[in-house]
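Topology and contacts: notes
So you can see what is in the structure, the chains are spelled out below.
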Amino acid sequence: MNPKIEPLSVGDAFAVTPQQFGDPRGVFLESFRGDLLAPHLGHRPDIVQTNLSVSAAGVLRGLHFADVPPSQAKYVTCISGAVLDVVADIRVGSPTFGQWDAVLLDDVDRRAVYVAEGLGHAFLSLADGSAVMYLCTAPYAPGREHGVDPLDPELGIDWPTTDRDGRPITLSLSDKDRAAPSLAAARESGLLPDYAATREFYASLAGS
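Throughout this description, residue numbers start from 1 for each chain and increase along the sequence as written. Thresholds applied to this predicted model are a pLDDT of at least 70 for local features of residues and 80 or more for the giving and counting of side-chain atom pairs; totals over whole chains, interfaces and linings are not thresholded and use all residues. Side-chain measures were taken over the full set of non-hydrogen atoms in the model, leaving aside hydrogen atoms and water.

Some points on the pattern of salt bridges
Working definition: two side chains of opposite charge can pair if their charged atoms are close together. Any Lys or Arg side-chain nitrogen found within 4 Å of a carboxyl oxygen on Asp or Glu counts as a salt bridge. Applying the stated criterion across every chain, the model contains 11 salt bridges. Between Asp107 and Arg164 there is a salt bridge whose closest N-O contact spans 3.0 Å. Here Arg164 lies in the loop between strand 13 (145–147) and helix 2 (175–178) and Asp107 lies in the loop between strand 9 (100–106) and strand 10 (112–115), a separation of 57 residues in the sequence. The class for Asp107 is partly exposed, based on a relative accessible area of 23%. One continuous salt-bridge network, built from bridges that share partners, spans Asp12, Asp89, Arg91 and Arg199. Secondary structure counts use DSSP, requiring at least four H or I residues in a row for a helix and at least two E residues in a row for a strand, with both numbered from the N terminus. Under the scheme applied here, a residue whose accessible area is under 20% of the maximum for its type counts as buried, over 50% as exposed, and between as partly exposed, the area being computed with a 1.4 Å probe on protein chains only.

Thoughts on unusual backbone geometry
The amide bond that connects Val68 to the next residue, Pro69, takes the cis arrangement and shows omega of -10 degrees. By the element assignment, Pro69 lies in the loop between strand 6 (60–66) and strand 7 (74–80). The backbone phi angle of Asp12 is positive, close to 70 degrees, even though this residue is not glycine. Relative to the helices and strands, Asp12 resides in the loop between strand 1 (4–7) and strand 2 (13–17). A positive phi angle, near 55 degrees, is found at Arg110, a position not held by glycine.

Comments concerning the sheet that holds strand 5 (residues 49–55)
In space, the six strands of this open sheet follow the order 1-2-10-7-12-5, with antiparallel pairing throughout. The outermost strands of the open sheet, each flanked by one partner alone, are strand 1 and strand 5. Direction aside, the axes of adjacent strands within the sheet are offset by 20 degrees on average. When DSSP finds two or more bridges between a pair of strands, those strands are recorded as paired. One ladder, built from six bridges, connects strand 7 with strand 12 (residues 130–136); its direction is antiparallel. Following the sheet pairing, Tyr75 is matched in strand 12 by Leu135. Interaxial angle, 0 to 180 degrees, is taken between N-to-C directions of lines fitted to C-alpha atoms, where a helix line uses only the stretch in contact.

Things to note about the nonpolar core
The biggest cluster of nonpolar side chains holds 31 residues, and the ones touching the most others in it are Val87 and Tyr114. The criterion used for residue contact is that any of the two residues' heavy atoms lie within 4.5 Å. Sequence-distant contacts of Val87, defined by excluding residues within four places in its chain, comprise Leu8, Val10, Ala13, Gln99, Trp100, Asp101, Val113, Val115, Leu119 and Gly120. The next biggest cluster of nonpolar side chains, apart from the first, holds 20 residues, and it includes Leu84, Ile90, Val148 and Ile169. Joining through side-chain atoms within 4.5 Å is the link that ties buried Ala, Val, Leu, Ile, Met, Phe, Trp, Tyr and Cys residues into a set, and such a set is a nonpolar core.

Observations concerning the UniProt feature "active site" (unreviewed entry) in the protein chain
UniProt positions are given in the numbering used here, feature names are shortened, and annotations may be inferred rather than shown by experiment. In this structure's numbering, the residues bearing the UniProt feature "active site" (unreviewed entry) are His64 and Tyr134. These annotated residues cover 71 residues of sequence, but their C-alpha atoms sit close together, with the largest distance between any two at 13.1 Å. Within the secondary structure, His64 sits in strand 6. Judged by its relative accessible area of 28%, His64 is partly exposed. Leave out the neighbours within four places in its chain, and His64 touches Lys74, Leu119, Gly120, His121, His146, Gly147 and Asp177.

Some remarks on the packing of aromatic side chains
Paired rings are identified among Phe, Tyr and Trp, the last through its six-membered ring, by centres lying within 6.5 Å, and are further divided according to the angle between planes into stacked (under 30 degrees), edge-to-face (over 60) and tilted (the rest). Tallied over the entire structure, the rule returns two aromatic pairs. Ring geometry for Phe32 and Tyr75: centres 4.9 Å apart, planes at 70 degrees, overall edge-to-face. Placement of the pair is Phe32 in the loop between strand 4 (26–29) and helix 1 (34–41) and Tyr75 in strand 7, with a sequence separation of 43 residues. Residue Phe32 is classed as partly exposed on the basis of its relative accessible area, which comes to 26%. The interplanar angle of 50 degrees and the centroid separation of 6.4 Å between the aromatic rings of Phe123 and Tyr134 together place this pair among those described as tilted.

Right under this line is the structure:
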C-alpha cells in the first residue's frame, strides 16, 4: 500500500500518489503516512493542526508562507472537487528561487503535496465545492503569516482559465491576497525566508 513519493522541481516539496483500493462499496486508501515521508524529508512530520477550506470554482488562495522558524510545513490533499496546487520557492539564496511547480489535486487520483517550511503555497479551485485538507506542523500564527502576489509576472504562474469541465472561470481572490507584495518587493523588504536558515531549521528537525 506504499504511496508513490516524487520530488517536485522546487526543492523540498513532494507529490504523493496513494494506492487506492476499490470495490462495489467504494474506495479505501491511506491518505497520509508520516513514516514513509520521513526518509525523503530527513524527519517525520509532526502534525499538530488540521485545516479545511471549501472553495467555489475560480477561488485562488495564496501565495502564503510563514516565518522560519518555525514556519509551517503542509501536507495538502483535495478530498472533493479539484484544485491546481502550486508550490513556489521564495527562499532567498535557494538554487530554485523564483521557480514554481504545480500538481493537480482531485477526488480521482487523490494525490497530495508536501510543502516544506519556507516555501510559498497557493491553489486555484477548479470545481465548485472543492474541499482542501491541510495537515500542518505548526499552529496558525497571524503575526508570522505573509503572502506574495500569486499573479506576479515575475513568478509567472500559469493559472488555468477553465474549470475541470472546460468552462471558463473568473479568478476570485481575498482582499489580503490581492494586496500582497510582488516577489521583488517582498525580497527588498526582507520579508522572504532565507534559504540557509531554512536548511538549518530542517537539520534541527532531523536531529530532534
